[in-house]
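Overview (structure and organization)
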Amino acid sequence: MRHGGFSTLLYKEVLRFWKVASQTVAAPVLTALLYLLIFSHVLEGHVKVHGVAYTAFLIPGLVMMSVLQNAFANSSSSLIQSKVTGNIVFVLLPPISYLEFFLAYVLASVVRGVVVGTGVLLATFWFAPLTFAEPVWILVFALMGGAILGSLGVIAGIWADKFDQLAAFQNFLIMPLTFLSGVFYSINSLPPFWQQVSHWNPVFYMIDGFRHGFFGVSDASPWLSLAVVGTCLALLTAFSLNLLKRGYKLRA
Amino acid sequence: MSAAIRIQQVSKCFGSTQALDRVDLEVQQGEFFGLLGPNGAGKTTLISALAGLVRPDAGSLRVMGHDVQGDYRAARRHLGVVPQELVFDPFFTVRESLKIQSGYFGIGHNDDWIDEILENLGLTSKANANMRMLSGGMKRRVLVAQALVHRPPVIVLDEPTAGVDVELRQTLWAFIRRLNEAGHTIVLTTHYLEEAENLCTRIAMLKAGRVVALDTTANLLRRFSVHALRLRTGGTLPSELARDGAESGGWWSFPFDGFDQVETLLARIRAAGCRIDDLEIGKPDLEEVFVRVMQGQAG
């Protein structure tokens with residue numbers, strides 16, 4: 001057993017999703033695989049992006065989408081369940097600081113995101129020749145993207161009082177942001193107006209930067225993507241920590 | 001030696017509801033202290049403020065000399081709270097739950113103490129059972145165990161026996177008594193006033209967020225409650241006797257301060273020509289004290 005509040009909370013959060021891995025890991029891998037089978041069947045041979053075959057282009061997008069969605073799901077579902085059932089008290093009574101609380105939930109989210117992302121990669125890379133042109137970018141964007149969505153999950157989990165409020169957050173914010181971020185297409189293929197709109201979507205930079213790590217080409221410069229993603233992470237971290245420090249909806 | 005708990009001028013409002021109103025309270029180390037009051041009196045709010053779950057609008061709370069806000073890490077290490085609600089984490093077994101709870105307090109190798117707690121609370125056979133599989137009473141035992149994993153010197157039990165069977169009550173109180181004898185300070189809230197009367201050496205009563213009585217259990221019983229001669233008679237009591245007592249359900253009750261008054265009372269009844277069909281001596285109890293305090297009657 002780990003020592004200290006932070007490491008124990010991190011361990012508990014990882015163990016929590018691992019105990020139901022069929023639901024938290026295997027199911028999203030299967031979903032991503034189905035997306036790949038359907039889209040690659042329809043579009044392979046018809047579309048090439050940055051000179052890359054469509055299926056190969058799609059795989060990093062699906063991997064990153066899985067990382068992001070599962071990172072969000074981990075912290076948000078854990079917190080809302082703990083709040084609704086009341087067992088959040090077990091974390092609030094011990095001497096755990098709000099910073100430790102935040103880091104443990106976010107890191108556990110990153111772990112789940114990366115585990116699912118790796119699962120999707122292992123399940124899909126048989127379908128197309130993948131390259132790993134600049135692997136550091138793969139790692140950087142996977143970790144930072146997971147941390148951003150993990151932070152958003154912390155915010156949503158603290159804010160929501162009921163499961164349907166969390167579902168609304170997921171359906172009306174997280175899903176549109178990820179689906180309209182260039183997972184399935186290059187934004188260069190969009191009309192100019194929608195290209196501009198896409199540039200205001202921070203998830204676009206996460207996907208684009210992550211994909212750059214595979215192919216060495218992308219819609220935006222990876223450095224610009226890094227700046228946007230880094231700024232988002234800093235802002236969300238500050239916002240989350242402020243909520244936790246004030247005890248918003250956790251300590252009356 | 002610092003007080004186990006020191007609560008000074010603590011107030012808390014929830015909207016327009018004054019949950020706590022300038023509460024002052026001190027519990028000494030080693031005490032078995034009762035915190036009583038009707039529903040909504042502020043007991044759980046006070047405990048939550050002590051545990052850092054509620055932030056008071058005014059005043060300060062200290063556990064073993066540590067401010068629960070400013071020095072929250074030390075304060076929480078010294079405090080174990082058994083919450084009122086039957087909460088549990090459905091993902092883990094009993095032993096996992098206790099190990100995780102130990103880890104939150106920075107205790108890595110706690111198996112011996114966990115085994116001892118499990119044994120004392122009759123949970124050994126359930127150690128590897130998932131929390132979901134346990135009965136309500138067993139879940140309540142695990143809640144107590146979770147509050148004790150870090151060996152806190154101050155233990156707060158918020159209605160720990162609500163809805164649990166006699167066996168658990170006896171097991172739990174035997175264990176808590178042993179902890180108290182070993183030097184742990186115990187603070188208990190309960191609606192079972194007989195339990196409080198038997199266990200607590202000192203009692204505070206809360207009403208509408210204010211402390212309305214605070215004394216040793218013995219003093220409260222002396223101040224607010226009296227012995228009474230209770231009897232059923234074969235005939236109608238004459239008015240000069242009836243005005244000294246009160247009738248309820250066919251039983252007459254005559255309060256008295258000293259046992260020598262019993263003889264006088266019985267002689268008066270005999271002289272009035274009344275036959276006594278049944279008779280008992282009613283002892284002072286906390287329930288009567290509680291009712292009188294809540295009705296605002298002075299002792």
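This structure is a prediction, so every number in the text was calculated from the model and none was measured.

Here is what the cut-offs are and how they apply
- Residues numbered from 1 in each chain as written.
- Chains lettered and ligands numbered in written order.
- Predicted model: local features only at pLDDT ≥ 70, side-chain atom pairs only at ≥ 80, totals over all residues.
- Pairing = 2+ DSSP bridges.
- Helix = DSSP H or I, 4+ residues; strand = E, 2+ residues; numbered from the N terminus.
- Axes fitted to C-alpha atoms, helices over the stretch in contact; angles between N-to-C directions.
- Domains from an automatic or database assignment.
- Contact = placed C-beta atoms within 7 Å.
- Nonpolar A, V, L, I, M, F, W, Y, C, P; charged D, E, K, R; others polar.
- Parallel < 35°, antiparallel > 145°, perpendicular 65-115°, else oblique.
- Left-handed = near helix turned anticlockwise from the far one by under 90°.
- Core = buried A, V, L, I, M, F, W, Y, C linked by C-beta atoms within 7 Å.
- Buried ≥ 20, exposed ≤ 12 C-beta atoms within 10 Å, placed from the backbone.
- Expected span 1.5 Å × (residues − 1).

Our focus in this paragraph is the sheet that holds strand β8 (residues 185-189) of chain B. Residues and elements named next belong to chain B. Spatially, six strands are ordered β6-β7-β8-β3-β9-β10 in an open sheet, and the strand pairing comes out mixed. Each edge of the sheet is formed by a strand with only one pairing partner; in this case those strands are β6 (79-82) and β10 (210-216). Taken pair by pair, the neighbouring strands of this sheet meet at an average axis angle of 15°, ignoring direction. As judged from the four bridges shared by strand β3 (residues 32-36) and strand β9 (residues 202-207), these two strands associate in the parallel manner. Bridging from a neighbouring strand, G34 pairs with I203 of β9.

Domain parsing of chain B yields domain 1 (1-78 + 153-159 + 181-225 + 285-299) and domain 2 (227-283). One C-alpha centre belongs to domain 1 of chain B, the other to domain 2 of chain B; they are set 38 Å apart.

The next subject is the interface of chain B and chain A. Each partner contributes residues to the interface: chain B has 25 residues there, and chain A has 23 residues. Within the residue set of the side of chain B that touches chain A, elements represented by two or more residues are α2 (72-77) and α3 (94-104) of chain B. Top element by residues in the side of chain B that touches chain A is α3(B). It accounts for five residues. Counted by class, the side of chain B that touches chain A contains twelve nonpolar, six polar and seven charged residues.

Okay, the packing of helix α5 (residues 98-124) of chain A against helix α6 (residues 135-159) of chain A next. Residues and elements named next belong to chain A. Interhelical geometry of α5 versus α6 gives an angle of 125° and a closest axis separation of 8 Å. Viewed along their axes, α5 and α6 adopt a mutual orientation that is oblique. As for the relative orientation of α5 and α6, their crossing is right-handed in sense. Residues F102, Y105, V106, S109, V110, G113, V114 and G117 of α5 form the contact with α6, whose participating residues are A142, L143, G146, A147, L149, G150, S151, G153 and V154. Counted by class, the contact of α5 with α6 contains ten nonpolar, seven polar and no charged residues.

Residue and element names in this part refer to chain B. One open sheet holds the four strands; their spatial order is β12-β13-β11-β14, and the pairing between them is antiparallel. Sheet topology places β12 (246-248) and β14 (276-282) at the edges, where each strand pairs with a single neighbour. Strand-to-strand, the axes of this sheet are offset by a mean angle of 25°, without reference to chain direction. Relative to strand β13 (residues 251-256), strand β11 (residues 227-233) runs antiparallel, the two being bridged by five bridges. Opposite L229, over in β13, you have F254 as the bridge partner.

Along the chain, B:Q295 turns up in the segment after α11 (286-294). A C-alpha to C-alpha distance of 26 Å links B:Q295 and B:L231, two positions 64 residues apart in sequence.

Moving on, we come to the packing of helix α3 (residues 54-85) of chain A against helix α9 (residues 202-215) of chain A. All names here are of chain A. Running from N to C, α3 and α9 cross one another at 130°; their axes reach a closest spacing of 9 Å. The angle between α3 and α9 places the two elements in the oblique class. As α3 runs across α9, the sense of the crossing is right-handed. Across the interface between the two elements, P60, G61, M64 and L68 of α3 pack against V203, M206, I207, F210, R211 and F214 of α9. In terms of residue class, the contact of α3 with α9 is built from eight nonpolar, one polar and one charged.

Quick look at the nonpolar core now. Side chains of a nonpolar character, in soluble globular proteins, are inclined to be buried together. A:L62, A:M64, A:L68, A:M206, B:L50, B:A145 and B:V156 are the most contacted members of the largest nonpolar core, which totals 152 residues. Element by element, the count of residues in this core is highest for α3(A), at 16 residues. Those residues in contact with B:A145, other than ones at most four positions away along the chain, are B:L98, B:I117, B:L118, B:L121 and B:L123. Counting five residues, the second-largest nonpolar core is a separate cluster that includes B:L229, B:L231, B:W252 and B:F254.

Okay, helix α10 (residues 260-271) of chain B next. Residue and element names in this part refer to chain B. Helix length check: α10 (twelve residues) gives 17 Å between terminal C-alpha atoms against 16 Å at 1.5 Å per residue, within 8%. Counting buried residues in α10 gives one out of twelve residues, a small share hidden from the surface. Taken from the residues just after α10, G273 is the one with a positive phi, measuring 80°.

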